[in-house]
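Single-letter residue listing:
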Amino acid sequence: MKIENHLKEIIQQAFQALYQESIDAPKLDATRPDFEGDYTLVVFPYLKQSKKNPEQTAGDVGAWLKENSEFVADYNVVKGFLNLVISDAYWTSFVKENLMDMDAHLHPNSGQGEKVMVEYSSPNTNKPLHLGHVRNNLLGYSVSKILEFNGYEVIKANLINDRGIHICKSMLAWMRFGNGETPDSSGIKGDHLVGKYYVAFDKAYKEEVNALVAEGKTKEEAEKNAPILLEAQDMLRQWEAKDPETIQVWETMNGWVYAGFEETYTRMGVAFDQYYYESKTYLLGKDIVNEGLSKNVLYQKEDGSVWIDLSAEKLDQKLLLRSDGTSVYMTQDLGTADLKYEEHKMPRSIYVVGNEQDYHFKVLFSILNKLSRPYAEGLYHLSYGMVDLPSGKMKSREGTVVDADDLMNEMHQTAEEITRELGKIEGLSEEELFQLFEKVGMGALKYFLLKVDPGKRILFDPRESIDFQGNTGPFLQYTYARINSLQTNAPRWSFTQYDGSLEAQEKALIRLLHDVPQIIVQAGISYSPAIIANYSYDLVKAYNRFYHDLPILKEENQAKKELRLQLSKATAETLAACFEMLGIPKVEKM
RNA sequence: GCACCCAUAGCUCAGCUGGAUAGAGCAACUGCCUUCUAAGCAGUAGGUCAUAGGUUCGAAUCCUAUUGGGUGUACCA
C-alpha cells in the first residue's frame, strides 16, 4: 500500500523532472509473473507528455526512478511496459514493520466505526431451510464479518416472515391431519415437522382442485375455490383478528420452527444481533403512503388504490395500497425501512436477498429516495444468484430441494470417509474426531458456496460430492494445520530482523501478505466474500510452494530460519482472518 | 410484449476501475513421501473469451445488434 503511493508520487515527479509535464497519479499493475519486476507502469497514456516513443519513455522514467527512488532497485522495459523491481530491503523492512504484529494490517479501518445493518436469512416459518437459504446465510454472515474487519459497526438483522397465508396452510393441515403430533412425540425436528404439514396441505389442496375440475369447474375456478384454501384464508383473517385459538396454534408451531432454525443456524455458524418479525411490522408503512400522497410522490386511483408511477425509470407502475386499504409487501418494507433507521440511525443498510427480487428493491429504493429519506442513499441490495440443480430450479413442492440439514450431514459424513482413508488421525479422541469431520465438512461446503461471485448463480449437482482437494475449503484448512504443526515442532525462536536477499518463493509470499489490506477493503466495497476466498487460495498456493521448496526448521542460517518461521506465522494469522471473514472453522491438526 | 442478469478449457470457477503470450481447480496423462503433515508440490495436454460490428495505441473487460440461458413484470408474499 505504502510502496504504491510512493511509486505513484515519484513517477509524477519523474514526469515533471524529465518532461516538465504534470500527470495524474498513474495506475500501477502487478507485474505478470513471467516478467521480472514487482510493479508495472504502462506508459502508453503518457506519450503525449513525453513526446517520445513508448520504449524511450519507459526507459527514461525507469532510469530516473532507479536513480531517485530508494526502493526501485532495477527496471526493465518491454514494449510500452515499464517493469519496476522493488528492492529486497523494502520487502524485508515491510516484514519487520507489519508482519510482527498483524492486527492493524488485517483491520483496515475503511469503515471508521460507521454503523451498517446487514439483513440476511429472513426465512419463512413454514418449511425448513434448503441450500438456497444456506447460500444466503453464509453470504450475509460473511459480508458482516468482512465489514467488521473494515472497521464498521455491523448490526446483523433477521427479518422473519412469520405470518401470512403460507403459515396458515401448515397450521390448518396440522390441525386437520396432525393428531396432536409434536417434535417431541415424533422425534422430528420442529422446522421439518411444520414443513411436513405444509406439504400435506398442498397435497390435500391439489386433490380438492382435481375433484372440483372433475365436477366440471374450470381449473382457475377450482384453484380459487378449493375449500381447504378458503379455510386457510379464513384462518388468516382469524389470525389478524387475534382469535386466541388461532394465535395459540400459530405460536406453538412457530416455536417449533424457531427451535429447529436455531439448531441449523448454530451448526452453520451464523448469528444475529436483532430479529424483526413480520407479524409485528406488517401493518407499518401505511402512514408513509399517506405522506407520499401529500407530497405527490404517489397517486390515488378512483377505486381508492394507491400507486407510484416509475415509468420514467422504466419501472412501470407499482401498487402500494389495495382499493380496500390493505397493504402489500412493498408497503411493509417501506415501514420496516423507517423502523430500522429510527432504531439504529445507520447510514448504510444492506439487504441480502436473491436476484429474483431485483425489481422489488429497485422500486423500494426509488420510492424511499423520492420521499427523501436520509438513509436512502445508503441502501444496497446485495443480490445473489440462485442455487440451481442440474434439473433446474429447486422446488419445495416437487421435492427437489436440497435440505440444509441433510446436506450438512452428508458433508460431515464425506469428511469422515476421506479423513479415515488418509489416516493421520492417531491420538485423537472420538469427540475430537467428530469435531474434525464437522469442521472439514463445513469448510468444504462454505468455501464451495462463497468462492463464487455472489451475483452469479451456482450449479449444485448432488451426484457429484463437493470436492475436498484443490481449490477447496479443506485445502485452506490443511495449510493452516500444516503451519500449526510447524510451529509446535519449532524450538523457541524469535524474529527480529532479516537484511539478506530473498528467494522467489519468499518474495511471492511476502507480496501476498503485503496486499491483504487492499483485498479486505475491496471485498468490503464490493460486498464479496469471493474476493476473500480467492485471495485465500492464492495465499495458500504460494505458501505450499514456499513450504515445499525451502527448508524452514532445517534451515541452517538462523536469520533465514527465523524469517521463514515469521512468514509462516504471518500466513497462519492472515489465513485465520480469512477464515473468520468466511465463517470457515480453523483446524489445528488434520 | 417490456425490464433486468448471465455467456471464459470437457466440468466448476478466477481474471480489480480496458493493458503484455487469457489463469486456477476437477477430470485425463507423467514425475515427487528414509527429509518440517502427499487434503501437498512439479509437469503434459486442453481456449477463434457465444456471434457480428464499433470505440481505442490496446478489448474477455466499454458501446450497439444478434443468438442462447435465467429471472422479474399480479389489488401474491
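Residues numbered from 1 in each chain as written. Chains lettered and ligands numbered in written order. Predicted model: local features only at pLDDT ≥ 70, side-chain atom pairs only at ≥ 80, totals over all residues. Heavy atoms only, no water.

**Notes on the packing of helix H12 (residues 244–268) against helix H17 (residues 404–422)**
Reasoning step 1: Running from N to C, H12 and H17 point in directions that differ by 35 degrees, and their axes come no closer than 11 Å. Handedness of the H12/H17 crossing: left-handed. Judged by residue contacts, Thr264, Arg267 and Met268 of H12 engage Ala404, Asp405, Met408, Asn409 and His412 from H17. (Axes fitted to C-alpha atoms, helices over the stretch in contact; angles between N-to-C directions. Helix = DSSP H or I, 4+ residues; strand = E, 2+ residues; numbered from the N terminus. Left-handed = near helix turned anticlockwise from the far one by under 90°. Contact = heavy atoms within 4.5 Å.)

**Quick look at the protein's contact with RNA strand B**
Reasoning step 1: Close to RNA strand B lie 64 residues, the nearest being Asp303, Lys424, Tyr478, Arg482 and Lys554.
Reasoning step 2: Within the side chain of Asn161, a nitrogen or oxygen atom sits 3.2 Å from a sugar or linking oxygen of RNA strand B.
Reasoning step 3: One of the backbone nitrogen or oxygen atoms of Leu553 is found 2.9 Å away from a base oxygen of RNA strand B.
Reasoning step 4: For the surface near RNA strand B, the elements supplying multiple residues, two or more each, are strand S2 (39–42), strand S4 (81–86), helix H16 (358–370), H17, strand S14 (458–459), helix H19 (473–489) and helix H21 (529–549). (Near = heavy atom within 4 Å. Polar contact = N/O pair within 3.5 Å; in protein donor to acceptor, adjacent residues only side chain to side chain.)

**With respect to the domain arrangement of chain A**
By convention, interface size is frequently given as the accessible area that disappears when the constituent parts associate.
Reasoning step 1: Domain annotation for chain A reports domain 1 (2–86), domain 2 (164–273) and domain 3 (404–582).
Reasoning step 2: Taking the mean C-alpha position of each, domain 2 and domain 3 sit 44 Å from one another.
Reasoning step 3: Between domain 2 and domain 3, the residue contacts involve seven residues of the former and eight residues of the latter.
Reasoning step 4: The contact between domain 2 and domain 3 buries some 570 Å² in all, and 42% of this surface belongs to carbon and sulfur atoms.
Reasoning step 5: A per-residue breakdown of the area domain 2 buries against domain 3 is headed by Thr264, Arg267 and Met268, which together make up 83% of the total.
Reasoning step 6: One salt bridge connects Glu438 with Arg267, and the closest N-O pair in it is separated by 2.7 Å.
Reasoning step 7: For the side of domain 2 that touches domain 3, the elements supplying multiple residues, two or more each, are helix H9 (190–214) and H12.
Reasoning step 8: With three residues, the top contributor of residues to the side of domain 2 that touches domain 3 is H12.
Reasoning step 9: In terms of residue class, the side of domain 2 that touches domain 3 is made up of one nonpolar, three polar and three charged. (Domains from an automatic or database assignment. Buried area = accessible area lost by both parts, 1.4 Å probe. Salt bridge = Lys/Arg side-chain N within 4 Å of Asp/Glu carboxyl O. Nonpolar A, V, L, I, M, F, W, Y, C, P; charged D, E, K, R; others polar.)

**Regarding the sheet that holds strand S12 (residues 379–384)**
Reasoning step 1: Strand order across the open sheet formed by five strands is S7-S6-S5-S11-S12, with parallel pairing between neighbours. Each edge of the open sheet is held by one strand with a lone partner, namely strand S7 (274–277) and S12. Strand-to-strand twist across the sheet, computed as the mean angle between neighbouring axes with direction ignored, equals 25 degrees.
Reasoning step 2: Where strand S11 (residues 348–354) and S12 come together, six bridges link them in parallel fashion. Its bridge partner lying in S12, Tyr351 is registered against His381.
Reasoning step 3: Of the strands in this sheet, strand S5 (115–119), strand S6 (153–160), S11 and S12 touch helix H6 (residues 131–149), which is tilted by about 160 degrees from S6. (Pairing = 2+ DSSP bridges.)

**Here we look at the environment of Glu36**
Reasoning step 1: Relative to the helices and strands, Glu36 resides in the loop between strand S1 (28–30) and S2.
Reasoning step 2: A relative accessible area of 52% means that Glu36 is categorised as exposed.
Reasoning step 3: Between the alpha carbons of Glu36 and Asp74 there is a distance of 9.6 Å; along the sequence they are 38 residues apart. (Buried < 20%, exposed > 50% of the residue type's maximum accessible area, 1.4 Å probe, protein only.)

**Some points on the environment of Lys217**
Reasoning step 1: With respect to the helices, strands and loops of the structure, Lys217 is situated in the loop between H9 and helix H10 (219–225).
Reasoning step 2: With 46 residues separating them along the chain, Lys217 and Glu263 place their C-alpha atoms 45 Å apart.

**So, the pairing of strand S9 (residues 306–309)**
Reasoning step 1: Alignment of strand S8 (residues 299–300) against S9, held across two bridges, turns out to be antiparallel. Considered in S9, the bridge of Gln300 is made with Val306.
Reasoning step 2: What sits between the antiparallel neighbours S8 and S9 is a turn of five residues, in which Gly304 has the positive phi angle 100 degrees.

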